[in-house]
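Chain and residue survey
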Amino acid sequence: MSIRKTEFISKYYYGKEVVDLDEFIVSLADSCNLNCEYCYLKFSKTPKKPVVYENIEEFIKEIDELFKNSEEKIFYFHFGETTDSLLSKKHIQLLYKFCEVISERSKVYSKSCFIEVRTKTFNISQLTKYNFNFDNLKLIYTTSLSPQNIIDAFEKKTSTLEERISSLKQAQSITKLIGIRLEPIIIYPLVNIDYEGIKKSVLNTIKEYNEVLKKVFDVVDPKNLHSISLSTLRLTKKQFKVLKEKKSKLCFPEMTLCIDGKFRYSRPIRTTIYKELINFIKYHHTNLLEKIILSFEFKYIWQDCGLQIKTLPNLSINVE
Ligand code: SF4
């Protein structure tokens, strides 16, 4: 049995001047063997192979402390930051145990909890073996979506786009809350590095992601959508350096270093992409506008896009 020696629960810090979405990370496991080219885990101090932690008694102490010392009524816990939430059977077994604990302690402290399970796997059949119908706790089945050409280029070991869309269809029999994550939005392929080439690549990227969204709308009842997040590619300085040396196709010449120490596409490129995707979502389902968030973005980008800043607990307030 692996023992977690550091905290299970941590308040997520997005970085200097980045809008805080107010979520807690739960690290029931570390590392991931799906090996996405942009994954920050490869560049952080995580074990080489995935590890799950079973000293749940420590987690119980932490959750009690958190609930006892907080006046907040709604908590948003994200289980897919330090690993893929549904990576293995063991991950799913533990996820269920952690949910039992959270539900039980939430009742004691009169809290409402939302659990985001985020995955790029097609392990939904393992999840359907459990009943996630808990008191004071709701599961949000969340998948990161990319066009198939991006999956083929940068997420080679993950499930296909069709599988991820199919999992969304199935997930609605487990939970009525679905999260869509277009994270990271990657400009690919890059046609050319001159103005016209970049413009063409950006427009093509928007078209590809719109098609992904269309597939979602074909299978997910909009009433079941908890949130849609948009976030273009960001790379730490170390990632940018290493990937550039490897001549990774992720390292777009227009990436600039932002105040939080991450490289991103330039402001006009990001806002163009976000605005077009937001318009597409609005065109299909006007009501979904209030469920769109920008992840890892600055206040001025939200403003450029005409979006009101909201947090993940905010989005969960009126959920029945
Ligand atoms: S699935 Fe997520 S956690 Fe796993 S390698 Fe890809 S980005 Fe990293």
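These lines cover the structure that appears in this document, whether it is placed above or below. Just so we're clear, the structure is a prediction, and the values are computed from it rather than from any experiment.

Quick notes on the rules
Residues numbered from 1 in each chain as written. Predicted model: local features only at pLDDT ≥ 70, side-chain atom pairs only at ≥ 80, totals over all residues. Axes fitted to C-alpha atoms, helices over the stretch in contact; angles between N-to-C directions. Helix = DSSP H or I, 4+ residues; strand = E, 2+ residues; numbered from the N terminus. Parallel < 35°, antiparallel > 145°, perpendicular 65-115°, else oblique. Left-handed = near helix turned anticlockwise from the far one by under 90°. Contact = placed C-beta atoms within 7 Å. Nonpolar A, V, L, I, M, F, W, Y, C, P; charged D, E, K, R; others polar. Pairing = 2+ DSSP bridges. Core = buried A, V, L, I, M, F, W, Y, C linked by C-beta atoms within 7 Å. Buried ≥ 20, exposed ≤ 12 C-beta atoms within 10 Å, placed from the backbone. Near = placed C-beta within 6 Å.

Some points on the packing of helix α6 (residues 195–219) against helix α8 (residues 267–284)
- At a minimum axis distance of 10 Å, the contact between α6 and α8 shows a crossing angle of 30°. With respect to each other, α6 and α8 are oriented roughly parallel. When the axes of α6 and α8 are compared, the crossing they make is right-handed. Residue-level contacts link Val202, Thr205, Ile206, Tyr209, Asn210, Leu213 and Phe217 of α6 to Ile269, Thr272, Ile273, Glu276, Leu277, Phe280, Ile281 and His284 of α8.
- Considered class by class, the residues forming the contact of α6 with α8 number 10 nonpolar, 4 polar and 1 charged.

Some points on the sheet that holds strand β12 (residues 262–264)
- Strand order in the open sheet formed by 3 strands is β10-β12-β11, and the pairing between neighbours is antiparallel. Sheet topology places β10 (234–236) and β11 (256–257) at the edges, where each strand pairs with a single neighbour.
- Looking at chain direction, β11 and β12 are connected through 2 bridges and run antiparallel. Paired with Leu257 across the strands is Phe263, a residue of β12.
- Where helix α7 (residues 237–245) meets the sheet, its contacts fall on β10 and β12, and the angle it forms with β10 comes to roughly 95°.

Looking at the packing of helix α1 (residues 56–68) against helix α2 (residues 89–109)
- Relative orientation of the contacting elements α1 and α2 amounts to 30°, with a least axis distance of 10 Å. Of the possible angle classes, the one that applies to α1 and α2 is roughly parallel. Crossing geometry of α1 relative to α2 is assigned as right-handed. Each of Ile56, Phe59, Ile60, Ile63, Asp64, Phe67 and Lys68 in α1 lies in contact with α2, whose residues at this interface are Lys97, Phe98, Val101, Ile102, Arg105 and Tyr109.
- Partitioning the contact of α1 with α2 into residue classes produces 9 nonpolar, no polar and 4 charged.

A few points about the nonpolar core
- Ranked by internal contacts, the top residues of the largest apolar core, which has 77 residues, are Phe77 and Ile115.
- Here the element with the most residues in this core is α6; it accounts for 6 residues.
- Beyond its immediate chain neighbours, meaning those up to four positions away, Ile115 contacts Phe77, Phe79, Cys99, Ile102, Leu137, Leu139 and Ile140.

Considerations on the site of the ligand
- As a matter of local geometry, the ligand sits amid Cys32, Leu34, Asn35, Cys36, Cys39, Leu41, Thr83, Asp84, Lys120 and Thr158.
- Residue composition of the shell around the ligand, by class: 5 nonpolar, 3 polar and 2 charged.

Comments concerning unusual backbone geometry
- In the segment running from Glu183 into Pro184, the intervening peptide bond is cis, with an omega of -5°.
- Along the chain, Pro184 turns up in strand β8 (residues 178–185).
- The amide bond that connects Tyr188 to the next residue, Pro189, takes the cis arrangement and shows omega of -5°.
- Positionally, Pro189 belongs in the loop between β8 and α6.

A closer look at the sheet that holds strand β2 (residues 24–26)
- Taken together, 8 strands build an open sheet; the order of strands is β1-β2-β5-β6-β7-β8-β9-β13 and the sheet is mixed. Two strands close off the open sheet at either side, each with one partner strand: β1 (9–11) and β13 (292–294). Each neighbouring strand pair of the sheet contributes to a mean axis angle of 25°, computed without reference to strand direction.
- With 6 bridges connecting them, β8 and strand β9 (residues 225–232) associate as parallel partners. Following the sheet pairing, Ile185 is matched in β9 by Thr232.
- Relative to β9, α8 is tilted by about 155°, and along the sheet it contacts β8, β9 and β13.

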